[in-house]
Amino acid sequence: MEQRFNDWKPPHIEHGKLTEWNWLVQHPEHLTLGTRVDIGAFSYLNAKNGLIIEDDVQIGSHCSIYTVSTLDGKEGPVRLARNCRIGTHSVVMPGVTIGENAIVGACSFVNRDIPANTTAVGVPAKVIKETGAPSAMI
């Protein structure tokens, strides 16, 4: 099985500062970051209420992941399960879990859980198909 990022190293993360790859985390003390995670440039991660990003997750550029929303007062941890993929310019709201191997299409607004092995798209994101577990890592 081929592995992405055989020489992957965890990034240096400071509160409110861009990483080497130009993405930003607020409250990194509440971020759990797996290995071989790929986060696109200009993504924003708010980990105030707990953000778990498991191994082999991919997050496209310009994504926003919130564990607190000042607009509607919602708060809660977010979990991005192993090998899930989030398309560019998507937004994930507080309290959401995106399941293992799930795919979120570009420009989606995720305000409820996305089951494992599914593809979801839209505003708000809705499951459009079951994808099944992959036979190999991406």
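This text follows the structure it describes.
On a predicted model such as this, the values are computed, not experimentally measured, just so you know.

**A closer look at the pattern of salt bridges**
- Counting across every chain of the model gives four salt bridges.
- R79 is the partner of E54 in a salt bridge, and the nearest nitrogen-oxygen pair spans 2.7 Å. Of the two residues, E54 is situated in the loop between β5 (51-53) and β6 (58-59) and R79 in strand β8 (residues 78-80); the sequence distance between them amounts to 25 residues.
- Since its relative accessible area comes to 23%, E54 is described here as partly exposed.
- E100 serves as the salt-bridge partner of R82, at 2.8 Å between the closest nitrogen and oxygen. With R82 in the loop between β8 and β9 (85-86) and E100 in the loop between β11 (97-98) and β12 (103-104), this residue pair connects regions lying 18 residues apart in the sequence.

**Examining the sheet that holds β5**
- Strand order across the open sheet formed by four strands is β2-β5-β8-β11, with parallel pairing between neighbours. Looking along the sheet, the strands with just one partner apiece sit at the ends: β2 (31-33) and β11.
- Bridge analysis of β2 against β5 gives three bridges, and the strand direction is parallel. When the bridges of β5 are listed, L33 appears paired with I53.

**Quick notes on the nonpolar core**
- If you look at the biggest cluster of nonpolar residues, it comprises 26 residues, and the most contacted ones within it are I53, I59, L80 and I98.
- Looking at this core, the elements with two or more residues in it are β5 and β8.
- With near-sequence residues (within four places) excluded, I53 lies in contact with L31, T32, L33, G34, V37, I39, L45, I59 and L80.

**Examining the pairing of strand β14 (residues 118-121)**
- Relative to β14, β12 runs parallel, the two being bridged by two bridges. Looking at β14, one finds that I103 is bridged to T119.
- As paired elements, β14 and strand β15 (residues 126-130) share four bridges and run antiparallel to each other. What sits directly across from V121, in β15, is K126.
- The turn joining β14 and β15, which pair antiparallel and follow one another in sequence, is formed by four residues; a positive phi near 110 degrees is taken by G122.

**Quick notes on unusual backbone geometry**
- Between V123 and the following residue, P124, the backbone shows a cis peptide bond with an omega angle of -5 degrees.
- Relative to the helices and strands, P124 is located in the loop between β14 and β15.
- Of note, H62 is a non-glycine position whose phi angle comes to about 60 degrees, a positive value.
- The class for H62 is partly exposed, based on a relative accessible area of 36%.

**Details of the packing of aromatic side chains**
- What the rule picks out here adds up to one aromatic pair.
- Each ring, one from Y44 and one from Y66, has its centre 5.6 Å from the other, and the planes form 55 degrees; the classification is tilted. Taken together, the residues Y44 in strand β4 (residues 44-46) and Y66 in the loop between β7 (64-65) and β8 connect sequence positions 22 residues apart.
- For Y66, a relative accessible area of 26% translates into the label partly exposed.

Definitions and limits used
Residues numbered from 1 in each chain as written. Predicted model: local features only at pLDDT ≥ 70, side-chain atom pairs only at ≥ 80, totals over all residues. Heavy atoms only, no water. Salt bridge = Lys/Arg side-chain N within 4 Å of Asp/Glu carboxyl O. Helix = DSSP H or I, 4+ residues; strand = E, 2+ residues; numbered from the N terminus. Buried < 20%, exposed > 50% of the residue type's maximum accessible area, 1.4 Å probe, protein only. Pairing = 2+ DSSP bridges. Core = buried A, V, L, I, M, F, W, Y, C linked by side-chain atoms within 4.5 Å. Contact = heavy atoms within 4.5 Å. Phe/Tyr/Trp six-rings, centres within 6.5 Å; stacked < 30°, edge-to-face > 60°.

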